[in-house]
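Read off the chains here:
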Amino acid sequence: MYRLICDDDLQAIWDSLPDEASRQLTAALADACHEPYIETEPWGIDDGINRTLVRSLITVRLAVNDEAQTIRIYSIEYLG
């Protein structure tokens with residue numbers, strides 16, 4: 001399982017999301033921590049690192065580090 005890294009500013013965005021979007025984000029990131037390449041799509045060039053997680057209410061840009069077994073959140077966009 002991958003460890004999630006989220007800085008304070010992004011945590012504040014996550015905390016401010018409406019309930020349904022927050023639940024969707026939490027579930028999607030939990031799934032990505034188990035299977036990051038199944039749950040995400042390439043972001044830009046398919047380098048295996050930069051990924052996008054898309055659900056009906058949110059889009060998240062991530063970086064996957066296989067060596068460190070981490071997923072870093074770079075942005076959270078609410079689509080509602």
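A quick note: this is a predicted structure, and the numbers were derived from the prediction, not measured.

## Comments concerning the overall build of the protein chain
No. 1: The number of helices and strands found in the protein chain is 3 helices and 5 strands.
No. 2: For the protein chain, the α and β elements follow one another from N to C terminus as β-α-α-α-β-β-β-β.
No. 3: Projected onto the principal axes, the alpha-carbon positions of the protein chain cover approximately 35 × 20 × 20 Å.
No. 4: A buried classification covers 35% of the 80 residues belonging to the protein chain.
No. 5: Within the protein chain, contacts between residues separated by at least 24 positions form 44% of all contacts whose residues are at least 6 apart in sequence.
No. 6: Within the structure as shown, the protein chain displays about 4800 Å² of accessible surface, and the carbon and sulfur contribution to it stands at 49%.

## Focus: helix 2 (residues 19-34)
No. 1: For helix 2, with 16 residues, the first-to-last C-alpha span of 23 Å sits near the 22 Å given by 1.5 Å per residue.
No. 2: Those residues of helix 2 that fall on the buried side of the exposure criterion are Ala-21, Ser-22, Gln-24, Leu-25, Ala-28, Leu-29, Ala-32 and Cys-33. Here the buried residues of helix 2 occupy an arc of 165 degrees about the axis, which is enough to place them on one side.

## Focus on the pairing of strand 5 (residues 70-78)
No. 1: Sheet analysis places strand 1 (residues 3-5) next to strand 5, joined by 3 bridges and oriented parallel. Paired with Arg-3 across the two strands is Thr-70, which belongs to strand 5.
No. 2: Direction of pairing for strand 4 (residues 58-65) relative to strand 5: antiparallel, over a ladder of 8 bridges. Directly across from Val-64, in strand 5, lies its bridge partner Ile-71.

## Some words on the environment of Ala-68
No. 1: Mapped onto the secondary structure, Ala-68 falls in the loop between strand 4 and strand 5.
No. 2: Between the C-alpha atom of Ala-68 and that of Arg-3, which follows or precedes it by 65 residues, the distance is 8.6 Å.

Basis of the calculations
- Residues numbered from 1 in each chain as written.
- Predicted model: local features only at pLDDT ≥ 70, side-chain atom pairs only at ≥ 80, totals over all residues.
- Heavy atoms only, no water.
- Helix = DSSP H or I, 4+ residues; strand = E, 2+ residues; numbered from the N terminus.
- Buried < 20%, exposed > 50% of the residue type's maximum accessible area, 1.4 Å probe, protein only.
- Contact = heavy atoms within 4.5 Å.
- Areas by Shrake-Rupley, 256 points an atom, 1.4 Å probe, with all protein chains shown as cover.
- Expected span 1.5 Å × (residues − 1).
- Arc of directions from axis to C-beta.
- Pairing = 2+ DSSP bridges.

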